[in-house]
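If you want the building blocks of each chain, they are given just below.
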Amino acid sequence: PSEGGQAAPELLVFYNSLNQTKWMWNDSHNGYVRYQNDPDKPDDFTLSVDRLTGEPVVRQNVIVMKAAHEVQNQAGTIINLDVDHTQGNAILFRNGAAFPVCWSTLNSVYENKSNRERPIVFTDCSGNILNLAKGKTWVNVMDISAEIWETGGGKWKARFYSPIYAP
């Protein structure tokens with residue numbers, strides 16, 4: 001694991017009251033187990049399971065990434081995420097801890113030499129390649145206005161705020 005980090009056995013990802021996800025660190029699964037709220041009972045969370053295997057959805061890395069959202073229509077149903085040749089901040093949750101990290105899609109030496117683009121690169125905020133835990137990763141993309149904070153006792157909340165349409 002990376003050095004440092006803050007205790008983070010629980011993460012609530014709040015897009016709106018009808019769309020919330022809870023990630024709970026589980027030692028026996030060696031990862032964060034995903035729970036989804038019930039739109040009819042927003043405070044009730046149910047274990048998310050893989051429909052093919054019936055196994056719980058578990059991720060060793062959960063990333064909350066901030067990227068600018070631009071609403072393209074009045075209904076707010078078309079949104080452009082600004083992730084092309086840019087960079088931003090994120091928080092990595094792994095091994096029951098939270099780490100401030102950065103992401104980038106800027107061209108590096110490799111892209112400039114090969115003329116081939118690579119996907120998003122996650123680094124520590126000094127530019128060093130990030131140590132993700134071995135396993136699967138889930139990335140939550142939120143607007144740059146989102147708030148991510150520790151609410152107490154190692155419980156974290158990521159709160160999405162919908163950007164407005166501004167023609």
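Now for a quick tour of the structure. Within any chain, residue numbers begin from 1 and follow the written order of that chain's sequence. With the structure being a predicted model, the display of local features is reserved for residues of pLDDT at least 70 and the display and counting of side-chain atom pairs for 80 or more, all residues being used for whole-chain, interface and lining totals. Excluding hydrogens and water, the side-chain figures rest on all heavy atoms present in the structure.

## Description of the environment of Asp 40
Our working definition: Strands here are runs of E lasting at least two residues and helices are runs of H or I lasting at least four, both read from the DSSP assignment and numbered beginning at the N terminus. Only protein chains enter the accessibility calculation, which uses a 1.4 Å probe; a residue is then buried when its area is under 20% of its type maximum, exposed when over 50%, and partly exposed in between.
Along the chain, Asp 40 falls in the loop between β4 (31–38) and β5 (41–47). In this structure Asp 40 comes out as exposed when scored by relative accessible area, which is 70%.

## Quick word on the side chain of Ser 48
Formally: Here, residues are in contact when the closest pair of their heavy atoms is within 4.5 Å.
For Ser 48, the position within the fold is in the loop between β5 and β6 (58–59). Setting aside its immediate chain neighbours within four residues, Ser 48 contacts Arg 34, Tyr 35, Gln 36, Glu 55, Pro 56 and Val 57.

## Overview of unusual backbone geometry
For Asn 30, which is not glycine, the phi dihedral falls at a positive 50°. Along the chain, Asn 30 turns up in the loop between β3 (19–26) and β4. Overall, Asn 30 belongs to the partly exposed group, its relative accessible area being 44%. In the Ramachandran plot, His 85 falls in the positive-phi region, its phi being about 55° despite a non-glycine side chain.

## Description of the environment of Tyr 32
Test applied: Polar contacts here mean pairs of N or O atoms no more than 3.5 Å apart (in protein, one a potential hydrogen donor and the other a potential acceptor; neighbouring residues in sequence count only if both atoms are side-chain atoms).
By the secondary structure assignment, Tyr 32 is in strand β4. A distance of 3.4 Å separates a polar side-chain atom of Tyr 32 from the backbone nitrogen of Gly 96. Of the polar contacts made by the side chain of Tyr 32, one reaches the backbone nitrogen of Ala 97; its length is 3.4 Å.

## Thoughts on the environment of Leu 47
Within the fold, Leu 47 resides in strand β5. Residue classification places Leu 47 among the partly exposed residues on the basis of a relative accessible area of 37%. Each C-alpha atom of the pair Leu 47 and Ile 63 lies 19 Å from the other, and the pair is 16 residues apart in sequence. Setting aside its immediate chain neighbours within four residues, Leu 47 contacts Val 33, Arg 34, Tyr 35 and Pro 56.

## Description of the side chain of Arg 94
Tracing the sequence through the fold places Arg 94 in strand β10 (residues 87–94). Overall, Arg 94 belongs to the buried group, its relative accessible area being 6%. A polar contact of 2.6 Å, which involves the side chain of Arg 94, links it to the side chain of Asn 95.

## Focus on the nonpolar core
Quick reminder of the rule: Residues enter a nonpolar core if they are buried and are Ala, Val, Leu, Ile, Met, Phe, Trp, Tyr or Cys, with the set joined through side-chain atoms within 4.5 Å.
The biggest cluster of nonpolar side chains holds 17 residues, and the ones touching the most others in it are Leu 11, Tyr 32, Val 64, Phe 93, Met 142 and Trp 156. Of all elements in the fold, only β2 (10–16), β3, β7 (61–66), β10 and β15 (155–159) reach the threshold of two or more residues within this core. If we skip the residues at most four places from it in the chain, Met 142 touches Val 13, Phe 14, Tyr 15, Val 64, Met 65, Lys 66, Ala 67, His 69, Ala 158, Arg 159 and Phe 160. With 11 residues, the next largest nonpolar core counts Ile 63, Met 65, Ala 97 and Phe 122 among its residues.

## Some thoughts on the pairing of β3
In plain terms, the rule: Following DSSP output, two strands are said to pair if at least two bridges run between them.
The sheet contact formed by β2 and β3 spans 6 bridges and is antiparallel. The residue bridging Asn 16 from the neighbouring strand is Asn 19, located in β3. In textbook terms, the turn of a hairpin is the stretch between consecutive antiparallel strands, and for β2 and β3 this stretch comprises 2 residues. Relative to β4, β3 runs antiparallel, the two sharing 6 bridges. Pairing of Trp 25 across the sheet is with Tyr 32, part of β4.

## Considering the packing of aromatic side chains
Here is the rule: Note on aromatic contacts: the rings of Phe and Tyr and the six-membered ring of Trp form a pair at centre separations within 6.5 Å, being stacked when their planes are under 30 degrees apart, edge-to-face when over 60 apart, and tilted otherwise. Charge-over-ring placement is defined geometrically: NZ (Lys) or CZ (Arg) within 6 Å of the ring centre, and within 35 degrees of the ring normal.
The full count for this structure, using the stated rule, is 4 aromatic pairs. Judged by centre distance (5.3 Å) and plane angle (45°), the ring pair of Tyr 15 and Phe 160 falls under tilted. Residue Tyr 15 is located in strand β2, and its partner Phe 160 is located in the segment after β15; the two are separated by 145 residues in the primary sequence. With relative accessibility at 9%, the residue Phe 160 sits in the buried group. Measuring from centroid to centroid gives 5.6 Å for Phe 93 and Trp 156, while their planes differ by 80°, and the two rings are edge-to-face. In this pair, Phe 93 sits in strand β10 while Trp 156 sits in strand β15, placing the two residues 63 residues apart along the sequence. Comparing Phe 93 with Trp 156 shows no difference in burial state: the two are buried. In this structure, Lys 22 is placed above the aromatic ring of Phe 45, and the distance from its NZ or CZ to the ring centre is 4.4 Å. For Lys 157, the ring lying beneath its charged end belongs to Phe 14, and the centroid distance is 4.9 Å.

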